[in-house]
Amino acid sequence: MEAEAPRQINYLRMSITDRCQLRCVYCTYWREWEKQPPAEILRYEELLRLAAVAAEAGVRKVRVTGGEPLLRRGLMGFLQELKRLPGINQVCLTTNGALLRELAPALYNTGVRHLNVSLDTLKQDRYRQITGSDNLPAVMAGLERAASLGFHPLKINCVVLRGINDDEVLDIARLARERPLQVRFIELMPTTSRTWWQRHFLSMTEVRQRLAVLGPLEPLAREAAAGPARTFRLPGFRGELGFISPMSEHHCRTCNRLRLSSDGKIRPCLLGSQELDLKEPLRQGGSDGFIGFLFQEAIRLKHRKTGHSLACSGSCFRDLPMVSIGG
Ligand code: SAM
């Protein structure tokens, strides 16, 4: 039997803030969640130093996320610096899109082209129910602006919630008919109470069944640095559809990412509890060599894992505020 080639852990998701103007039901669910004091959040120069060390450890792609990254002042300068780091050949951003209409041109000028926008509904009352805000028109205008500026790939992330937005999957998928964007449906992860998750979880198998009326899904080849989405083309669509199934079909064996929380903890697995603190060594004079060693340690821990505890046992619902870890 041929031995599997060891996977390259080459993708770092960096949460640069735990602030967000939205309160999405699945993300800031935990009432006791509190924002970190500003001093606990890594400064841009600290983030850049970590990214440089990560590049030395083999990271090639960095996704900037949060919280809501567009809320952090000085973001554009930071992105420019990040793009200039030797070894980092892709910088991407994930946003809720509420400030995109205003900030898309400045973002485009940084050279960032890979943009993910979260959008779970096209209905204003639902948007309010899911996010606690009235930003839907702003997000839609931001998406249009980003598309017209030429961000590519431009992806929409939609978490499907049974009984809340699952009747909209066709309408949301159709956003990719006229526009060259990728609409990705995502399974709800158990960052909420067990009962809430059980009530609202919907598998991607079911979502795909509901989309069957749009025509046959033609699978697209996976790119080497691709994320966990399975992507498809549909006849007559300019864009693509993607499906992300962290629960029903967890992709741990191929997962190539590390996550850095806004307060400087590195996590080998989003849904695991292991994390290594990088802020303390950063601020206590730790050398790049030592910080690099911690990165390598996170990579080693990741190689040892073959599945996240939630998908395996389904019995471990915990306080997991995505808003600070970075989804
Ligand atoms: N504020 C930015 C945004 O809204 O895209 C970036 C941070 S947000 C935490 C990133 C992504 O995590 C979003 O696409 C969101 O839908 C996803 N997310 C958060 N909690 C989730 C959960 N329980 N299950 C699935 N996706 C989740």
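Keep in mind that what you see is a predicted model, and the values were worked out from it rather than measured.

Asker: Mind showing me how you'd approach the overall build of the protein here?
Answerer: Within the protein one finds 13 helices and 12 strands. Taken over 327 residues, the protein has a buried fraction of 54%. Relative to all contacts within the protein whose residues are 6 or more apart in sequence, the contacts with residues 24 or more apart total 73%. A total accessible area of about 14,700 Å² is found for the protein, and carbon and sulfur atoms account for 50% of it.

Asker: Teacher, can you tell me more about the site of the ligand here?
Answerer: Lining the immediate surroundings of the ligand are 18 residues, of which Gly 67, Glu 68, Ser 118, Met 189 and Thr 191 lie closest. In this structure, Tyr 26 approaches the ligand through a side-chain N or O atom, which is 3.3 Å from an oxygen atom. Contact between the ligand and Ser 118: an oxygen atom at 2.5 Å from a side-chain N or O atom of the residue. Protein chains bury 95% of the 550 Å² of accessible surface belonging to the ligand in isolation. For the shell around the ligand, the elements supplying multiple residues, two or more each, are strand 3 (90-95) and strand 5 (154-160).

Asker: Just to check I follow, could you spell out the packing of helix 1 (residues 44-56) against helix 11 (residues 288-304) for this structure?
Answerer: Packing of helix 1 against helix 11 brings their axes to within 9 Å, and their N-to-C directions diverge by 65°. Considering the angle they form, helix 1 stands roughly perpendicular to helix 11. You can see that helix 1 and helix 11 cross each other, and the crossing is right-handed. In contact with Arg 49, Leu 50, Val 53 and Ala 54 of helix 1, helix 11 contributes Asp 288, Ile 291, Gly 292 and Phe 295. Tallied by class, the residues present in the contact of helix 1 with helix 11 amount to five nonpolar, one polar and two charged.

Asker: Mind showing me how you'd approach the nonpolar core here?
Answerer: Buried together is how nonpolar side chains tend to be arranged in soluble globular proteins. If you look at the biggest cluster of nonpolar residues, it comprises 94 residues, and the most contacted ones within it are Leu 75, Phe 78, Leu 79, Phe 185 and Phe 295. Looking at this core element by element, the count peaks at eight residues for helix 1. Sequence-distant contacts of Phe 78, defined by excluding residues within four places in its chain, comprise Met 14, Ile 16, Tyr 44, Leu 47, Leu 48 and Val 64.

Asker: Looking at this structure, how should I read the packing of aromatic side chains?
Answerer: One pair of aromatic rings is described through two measures. These are the centre distance and the angle between the planes. Evaluated as defined, the whole model comprises six aromatic pairs. Seen in terms of ring centroids, Tyr 108 and Phe 151 are 5.3 Å apart; in terms of plane orientation they differ by 85°. Their pairing is edge-to-face. One end of the pair, Tyr 108, is in helix 3 (residues 100-109); the other, Phe 151, is in the loop between helix 5 (136-149) and strand 5, with 43 residues separating them in the sequence. When its relative accessible area of 22% is taken as the criterion, Tyr 108 is described as partly exposed.

Asker: Even after reading the chapter, I still don't get unusual backbone geometry, so can you show me in this structure?
Answerer: The omega torsion across His 152 and Pro 153 is 0°, close enough to zero to call that bond cis. Inspection of the secondary structure puts Pro 153 in the loop between helix 5 and strand 5.

Asker: Would you mind showing me how to read helix 9 (residues 204-211) here?
Answerer: Note on helix geometry: an α-helix contains 3.6 residues per turn, so any two residues three or four positions apart are oriented the same way. Regarding helix 9, the residues found buried are Met 204, Val 207 and Leu 211. Around the axis of helix 9, the buried residues are gathered within 55° of arc, so they sit on the same side. Considering only its buried residues, helix 9 is in contact with strand 5, helix 6 (169-173), strand 6 (182-187) and strand 9 (240-244).

Asker: Is there a simple way to explain the packing of helix 1 against helix 2 (residues 75-84) in this structure?
Answerer: Each packed pair of helices is defined by two parameters, the angle between the axes and the distance between the axes. Here helix 1 crosses helix 2 at 20°, and the two axes come no closer than 10 Å. Comparing the axis directions of helix 1 and helix 2 gives the class roughly parallel. The hand of the helix 1/helix 2 crossing is right-handed. Where helix 1 abuts helix 2, its residues Tyr 44, Leu 47, Leu 48 and Ala 51 lie against Leu 75, Phe 78, Glu 81 and Leu 82. Its residues assigned to classes, the contact of helix 1 with helix 2 comprises seven nonpolar, no polar and one charged.

Asker: Sorry, what's going on with the environment of Pro 228 here?
Answerer: In this structure, Pro 228 sits in the loop between strand 7 (218-219) and strand 8 (230-233). Judged by relative accessible area, which is 16%, Pro 228 ranks as buried. Non-local contacts of Pro 228, meaning those with residues more than four positions away in its chain, are made with Arg 222, Phe 243, Ile 244, His 251 and Arg 257.

Asker: Hey, could you run me through the pattern of salt bridges in this one?
Answerer: Side-chain pairing between opposite charges can occur once the charged atoms of the two side chains come close. Scanning the model with the defined rule gives 20 salt bridges in all. Here Arg 101 ties to Glu 102 by a salt bridge, and the two come within 3.8 Å at their closest N and O atoms. With relative accessibility at 39%, the residue Arg 101 sits in the partly exposed group. On the basis of relative accessibility, which here comes to 46%, the residue Glu 102 falls in the partly exposed class. Between Glu 206 and Arg 162 there is a salt bridge, with its nearest N and O atoms 3.2 Å apart. Residue Glu 206 is found in helix 9, and its partner Arg 162 is found in the loop between strand 5 and helix 6; the two are separated by 44 residues along the sequence. Ionic contacts of the salt-bridge type, sharing partners, join the residues Arg 43, Glu 45, Glu 46 and Arg 283 into one network.

What counts and what doesn't
Residues numbered from 1 in each chain as written. Predicted model: local features only at pLDDT ≥ 70, side-chain atom pairs only at ≥ 80, totals over all residues. Heavy atoms only, no water. Helix = DSSP H or I, 4+ residues; strand = E, 2+ residues; numbered from the N terminus. Buried < 20%, exposed > 50% of the residue type's maximum accessible area, 1.4 Å probe, protein only. Contact = heavy atoms within 4.5 Å. Areas by Shrake-Rupley, 256 points an atom, 1.4 Å probe, with all protein chains shown as cover. Near = heavy atom within 4 Å. Polar contact = N/O pair within 3.5 Å; in protein donor to acceptor, adjacent residues only side chain to side chain. Axes fitted to C-alpha atoms, helices over the stretch in contact; angles between N-to-C directions. Parallel < 35°, antiparallel > 145°, perpendicular 65-115°, else oblique. Left-handed = near helix turned anticlockwise from the far one by under 90°. Nonpolar A, V, L, I, M, F, W, Y, C, P; charged D, E, K, R; others polar. Core = buried A, V, L, I, M, F, W, Y, C linked by side-chain atoms within 4.5 Å. Phe/Tyr/Trp six-rings, centres within 6.5 Å; stacked < 30°, edge-to-face > 60°. Arc of directions from axis to C-beta. Salt bridge = Lys/Arg side-chain N within 4 Å of Asp/Glu carboxyl O.

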